[in-house]
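Here are the chains, one letter per residue:
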Amino acid sequence: METAETNEAKPHLQRRFGLLQATALNMSNMIGVGPFITIPVLMSALNGPQSMLGWAVALIICMADGLIWSELGAAFPGSGGSYVFLREAFGAQRWGRLMAFLFIWQFIFSGPLEIASGYIGFSNYLGYVWPNRSAFASNFFIVGMGLVTIFLLYRQITSIGKITIALWIGTLLTTFIVIALGAFRFDPKIAFDFPPNAFKFSVGFLSGLGTAAAVGIYDYLGYYDVCYIGDEVKDPGRTIPRSILISLFSVAIIYICMNLSIVGVVPWKEFVPADGNRKADFIVSIFVERILGPKAAVAFTALVLWTAFGSVFALLLGYSRIPYAAALDGYFFKVFGKLHPTKNFPYVSLIVIGLLAIFCSFFKLDEVISALITTRILVQFIGQIGAVFAIRKRYPASRLPFRMWLYPIPCFVALVGWIFVFVTTKWPIIVGGLGSLLAGVIAFLIWSSHTRRWPFGSPVEART
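Residues numbered from 1 in each chain as written. Predicted model: local features only at pLDDT ≥ 70, side-chain atom pairs only at ≥ 80, totals over all residues. Heavy atoms only, no water.

**Section: the overall build of the chain**
Looking only at helices and strands, one finds 20 helices and zero strands in the chain. Residue pairs at least 24 apart in sequence account for 82% of intrachain contacts in the chain once pairs closer than 6 positions are excluded. Carbon and sulfur atoms make up 68% of the accessible area of the chain, which amounts to about 20,200 Å² in all. Distance between charge centroids for the chain: 3 Å, based on 35 positive and 22 negative side chains. (Helix = DSSP H or I, 4+ residues; strand = E, 2+ residues; numbered from the N terminus. Contact = heavy atoms within 4.5 Å. Areas by Shrake-Rupley, 256 points an atom, 1.4 Å probe, with all protein chains shown as cover. Lys, Arg positive; Asp, Glu negative; His and termini not counted. Charge placed at Lys NZ, Arg CZ, Asp CG, Glu CD.)

In structure tokens form, the structure reads like this:
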């Protein structure tokens, strides 16, 4: 019979992440390359400074959604985040199995899209120091960067903490430079140069606002990252909710200061519309050039490139582990659970996600962002709203360490917000999102039939 001592001796994850570490983890993922590449795309959504309303809408949606993540993360503090929430809330052997599979299925698409945005941003800013490159050279560089990232991760990683700290310091330094420079040169006449009828209510205005909100949500992504390492968080019932809400408020302030700094120096009409506008590719480098000159802008661009590369490196590292974990538990295709025979890392998952990210890098940045957000809305974000209602019905209050304030209002606010962003997306992307979801359901049925699991086998058989 096993004793408490023998159980303690077994290898297991230890709860060492406190509030400070959890908040730093969230913020380091939220403030990646996003703020440096999305300003022109966001300002183009409504053709002017009124586009910044998108950040406000995005913050409202993310704050409501953050309360959902907080309740679920506190209730199920395990590694896997949404995968665990959906599985447990809807029943691990029945509908929860379908929801968990669909989350991983959509993640196979949305994860590479998010990584691809970093490759695109890197390539765009490289254009500032290499302006005369050809389209072939740009594409060749993206492919090369993608393959190098896979190569660097195709090994045992023993210094992730140092890499994360270096990335975090570089990101903070880059962000601080922008805010500090803009604070001394900010011109409200430039920042708030609204075009005629800027706030005229119309279908077009709502559509543009939805696009701007999607860009804002992209910038805020990562406020929930602590939920993916719930097994390693101290006092998760308190730490997870606090870290999520603190991260959102802090990053919102940073983004407001940073973006106002830029549009208060560089007139928005110079980089809007973003499509086909060379300045839009490296707007922050142009900002630094206006204040400190070309040489300083080149040095600053190097910081942005470092931030972009560090971001895709960290994303591919973390995202390659999610399909692997699901495959080990029997909730996704078995091949993704393979480890390298000598180096012990999930090489199949790494290669698949890495190659898909390279492929997605050949699309436009605004299309990548829209597809990324749209793909996650139905299963992950809206699915988790249903998960909150499910656990409230199934578990007593004592089982839920954190219960969101003003329940169920945040759930309805998040639901309306996600639906608004979804329906205001371009119809080809909506069709693609629905098509990928339908393909996931079909794949799940074929896989379940082949393995004789629910709904083609009993729940008991699913455990074997």
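**Some words on the nonpolar core**
If you look at the biggest cluster of nonpolar residues, it comprises 148 residues, and the most contacted ones within it are Tyr220, Tyr223 and Phe271. The element that contributes the greatest number of residues to this core is helix α7 (residues 95-129), accounting for 19 residues. (Core = buried A, V, L, I, M, F, W, Y, C linked by side-chain atoms within 4.5 Å. Buried < 20%, exposed > 50% of the residue type's maximum accessible area, 1.4 Å probe, protein only.)

**Overview of a nonpolar patch on the surface**
A surface patch of nonpolar side chains, about 450 Å² in accessible area, is lined by Leu53, Phe186, Phe192, Phe194 and Phe199. Within the element layout of this structure, Phe199 appears in the loop between α10 (188-191) and α11 (203-220). (Patch = residues over 30% accessible without salt bridge, like charges linked within 9 Å, V, L, I, M, F, W, Y side chains within 5 Å. Salt bridge = Lys/Arg side-chain N within 4 Å of Asp/Glu carboxyl O.)

**With respect to unusual backbone geometry**
Put simply, Val272 and Pro273 share a cis peptide bond, and its omega is 0 degrees. Relative to the assigned elements, Pro273 resides in the loop between α12 (236-263) and α13 (278-281). With an omega of 5 degrees, the peptide bond between Tyr407 and Pro408 qualifies as cis. Within the secondary structure layout, Pro408 lies in the loop between α18 (365-394) and α19 (409-423). We note that Leu406 has phi near 60 degrees; this positive angle belongs to a residue other than glycine.

**Some remarks on the pattern of salt bridges**
Counted under the stated rule, the structure contains nine salt bridges. With a shortest N-O distance of 3.4 Å, Asp235 and Arg238 are connected by a salt bridge. We classify Arg238 as partly exposed; its relative accessible area is 44%. Overlapping salt bridges bring together Arg87, Glu88 and Asp329 as one network.

**Digging into the packing of aromatic side chains**
In the structure shown here, the tally under the stated rule is 31 aromatic pairs. Taken together, a centroid distance of 5.3 Å and an interplanar angle of 55 degrees make the contact between Phe194 and Phe199 tilted. Under the relative-accessibility criterion, Phe194 is labelled partly exposed at 36%. A ring pair is formed by Phe332 and Phe333, whose centres lie 4.9 Å apart and whose planes are at 50 degrees; its orientation type is tilted. Residue classification places Phe332 among the buried residues on the basis of a relative accessible area of 2%. Connected via pairs of aromatic rings, a cluster forms that spans Trp95, Phe101, Trp105, Phe109, Phe332, Phe333, Phe336, Phe444, Trp447 and Trp454. Across the ring face of Tyr83, the terminal group of Arg87 is positioned such that the distance to the ring centre comes to 5.1 Å. Over the aromatic face of Tyr407 sits the side chain of Arg392, whose NZ or CZ is 3.8 Å from the ring centroid. (Phe/Tyr/Trp six-rings, centres within 6.5 Å; stacked < 30°, edge-to-face > 60°. Lys NZ or Arg CZ within 6 Å of the ring centre and 35° of its normal.)

**A few points about helix α20 (residues 427-451)**
With 25 residues, α20 extends 36 Å from end C-alpha to end C-alpha; this agrees with the ideal 36 Å at 1.5 Å per step. Of the positions making up α20, those classed as buried are Ile429, Ile430, Gly433, Ser436, Gly440, Ala443, Phe444, Trp447 and Ser448. Residues of α20 that are buried sit in contact with α7, α18 and α19. Looking one or two residues beyond α20, the residue adopting positive phi is Arg452, at roughly 60 degrees. (Expected span 1.5 Å × (residues − 1).)

**Describing the side chain of Arg87**
Here Arg87 is to be found in helix α6 (residues 82-89). Arg87 gets classed as buried once you look at its relative accessible area, which sits at 14%. Polar contacts involving the side chain of Arg87 include one to the side chain of Asp329, which spans 3.5 Å. Sequence-distant contacts of Arg87, that is, excluding residues within four places in its chain, are made with Ala92, Gly96, Ala100, Asp329 and Tyr331. (Polar contact = N/O pair within 3.5 Å; in protein donor to acceptor, adjacent residues only side chain to side chain.)

**Focus: the environment of Ala74**
Locating Ala74 in the fold gives a position in helix α5 (residues 53-75). Residue class for Ala74 comes out buried when judged on its relative accessible area of 3%. Each C-alpha atom, one on Ala74 and one on Tyr324, is 23 Å from the other, the two residues being 250 residues apart in sequence. Apart from the residues lying within four places of it in its own chain, the contact partners of Ala74 are Pro236, Gly237, Ile240, Pro241, Pro401 and Phe402.

**Thoughts on the environment of Val423**
If you trace the backbone, Val423 turns up in helix α19. Judged by its relative accessible area of 52%, Val423 is exposed. Residues Val423 and Asn132, spaced 291 residues apart in sequence, show a C-alpha to C-alpha distance of 39 Å.

**Describing the confidence of the model for the chain**
When pLDDT is averaged across the chain, the result is 85; 92% of the residues are at 70 or more. Every residue in residues 1-13 scores below 50 in pLDDT, and together they form five contacts with partners more than four places removed in sequence or on other chains. Throughout residues 460-464 the model reports pLDDT below 50, and contacts reaching past four residues in sequence, or to other chains, amount to five contacts. (pLDDT = per-residue confidence, 0-100.)

**Considering the packing of helix α14 (residues 283-292) against helix α15 (residues 294-319)**
Where α14 contacts α15, the two axes come as close as 7 Å, and the packing angle between them is 145 degrees. At the point where α14 passes α15, the crossing takes the right-handed sense. In this structure, α14 contributes Val284, Ser285, Val288, Glu289 and Leu292 to the contact, and α15 contributes Pro294, Ala296, Ala297, Phe300 and Thr301. (Axes fitted to C-alpha atoms, helices over the stretch in contact; angles between N-to-C directions. Left-handed = near helix turned anticlockwise from the far one by under 90°.)

**Regarding α5**
If you check α5, its first and last C-alpha atoms are 33 Å apart, about what 23 residues at 1.5 Å a residue would give, namely 33 Å. Within α5, 18 of the 23 residues are buried, which leaves the element mostly enclosed by the surrounding structure.

**Focus: the packing of α5 against α12**
Orientation of α5 relative to α12, taken along the N-to-C sense of each, is 165 degrees, at an axis distance of 8 Å. Our classification of the angle between α5 and α12 gives roughly antiparallel. Handedness of the α5/α12 crossing: right-handed. From α5, Trp55, Leu59, Cys62, Met63, Gly66, Leu67, Trp69, Ser70, Gly73 and Ala74 reach across to α12, where they touch Pro236, Gly237, Ile240, Pro241, Ile244, Leu245, Leu248, Phe249, Ala252 and Asn259. In terms of residue class, the contact of α5 with α12 is built from 15 nonpolar, five polar and no charged. (Parallel < 35°, antiparallel > 145°, perpendicular 65-115°, else oblique. Nonpolar A, V, L, I, M, F, W, Y, C, P; charged D, E, K, R; others polar.)

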